[in-house]
Amino acid sequence: MEAVPRTLLRDRAYAAIRDAIVTGAIEPGAVVRDAELAERLGLSRGPVREAFARLVDEGLLESKPQSYTRVTPVVAADVRDAAAVVGAMHELATRIAVPRLFAADIESMRTANDRFTAAVRDGDVDAALHADDALHDVLVRAAGNRAAAATVARYTPLIRRLERRRFGEGGTCRSAGLHGRLIGACADGDVDEAVRITAEIWRTLADLADTE
């Protein structure tokens, strides 16, 4: 039997800890310990430490050597900055992707928006955000820009923490109506309108941070 590559163990640790932070299972300000999380994940401490380093770099953890590693607070300025960067990458992806979309891509976006609408109606924040990601990921994948995709993946979790909290306070996440207009523009092949709506979607997230 072949050993599991270390990179896969590191990625597993990273994804599990990142998701726990984003969902609030590990709350802002909580101190995290590599030994404890390694035991919970069934991993050695090495991959967990590597995941910690990546999460510090991405702004979800903060660390003081020989003292602590803890979850960062949700800071409005950080969310605003992340939303600006992620929004710019989504605008770029939309501009590239729209002329490349197939009918199946448009249908995938519609299906994702149906799931999003139902999840918002039911108050299911996890399903809503997963559906939202699925919708926009269609455009990111079609664009095929690896740098844009990596930037989106890196900074979106900072935004999601605030979205989740607001949703839990009775918010509605992002508008299904804006999604519908975006899908319509994509179906029509209207690049400029699709980019404009994409910018509007991400501007609402920056506005959300301004209310913190």
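Details of the structure are given in the entry above.
The following refers to the structure shown.

What counts as what
Residues numbered from 1 in each chain as written. Predicted model: local features only at pLDDT ≥ 70, side-chain atom pairs only at ≥ 80, totals over all residues. Heavy atoms only, no water. Helix = DSSP H or I, 4+ residues; strand = E, 2+ residues; numbered from the N terminus. Rg over C-alpha atoms; globule rule 2.2 N^0.38 Å. Contact = heavy atoms within 4.5 Å. Areas by Shrake-Rupley, 256 points an atom, 1.4 Å probe, with all protein chains shown as cover. Lys, Arg positive; Asp, Glu negative; His and termini not counted. Charge placed at Lys NZ, Arg CZ, Asp CG, Glu CD. Axes fitted to C-alpha atoms, helices over the stretch in contact; angles between N-to-C directions. Left-handed = near helix turned anticlockwise from the far one by under 90°. Nonpolar A, V, L, I, M, F, W, Y, C, P; charged D, E, K, R; others polar. Phe/Tyr/Trp six-rings, centres within 6.5 Å; stacked < 30°, edge-to-face > 60°. Lys NZ or Arg CZ within 6 Å of the ring centre and 35° of its normal.

**Remarks on the overall build of the protein chain**
- Helices and strands together make up the secondary structure of the protein chain, namely nine helices and two strands.
- Whereas a compact globule of 212 residues would reach a radius of gyration of roughly 17 Å, the protein chain reaches 18 Å, a difference of no more than 12%.
- The principal-axis extents of the C-alpha atoms in the protein chain amount to approximately 55 × 45 × 30 Å.
- Partitioning the contacts of the protein chain with sequence separation of at least 6, the portion at a separation of at least 24 is 75%.
- On the protein chain, roughly 10,900 Å² of surface is accessible, and the fraction owed to carbon and sulfur atoms is 51%.
- Computed over 29 positive and 33 negative side-chain charges, the separation of the two mean positions in the protein chain equals 4 Å.

**Let's talk about the packing of helix 2 (residues 34-41) against helix 3 (residues 45-57)**
- Relative to each other, helix 2 and helix 3 sit at 115°, their axes nearing to 9 Å. Here the hand of the crossing between helix 2 and helix 3 comes out right-handed. In contact with D34, A35, L37, A38 and L41 of helix 2, helix 3 contributes R45, V48, R49 and F52.
- Here the residues of the contact of helix 2 with helix 3 are counted per class, giving six nonpolar, no polar and three charged.

**Things to note about the packing of aromatic side chains**
- This structure, assessed with the given rule, holds zero aromatic pairs.
- Stacked on the ring of Y14, the Lys or Arg R54 has its end atom at 3.6 Å from the ring centre.

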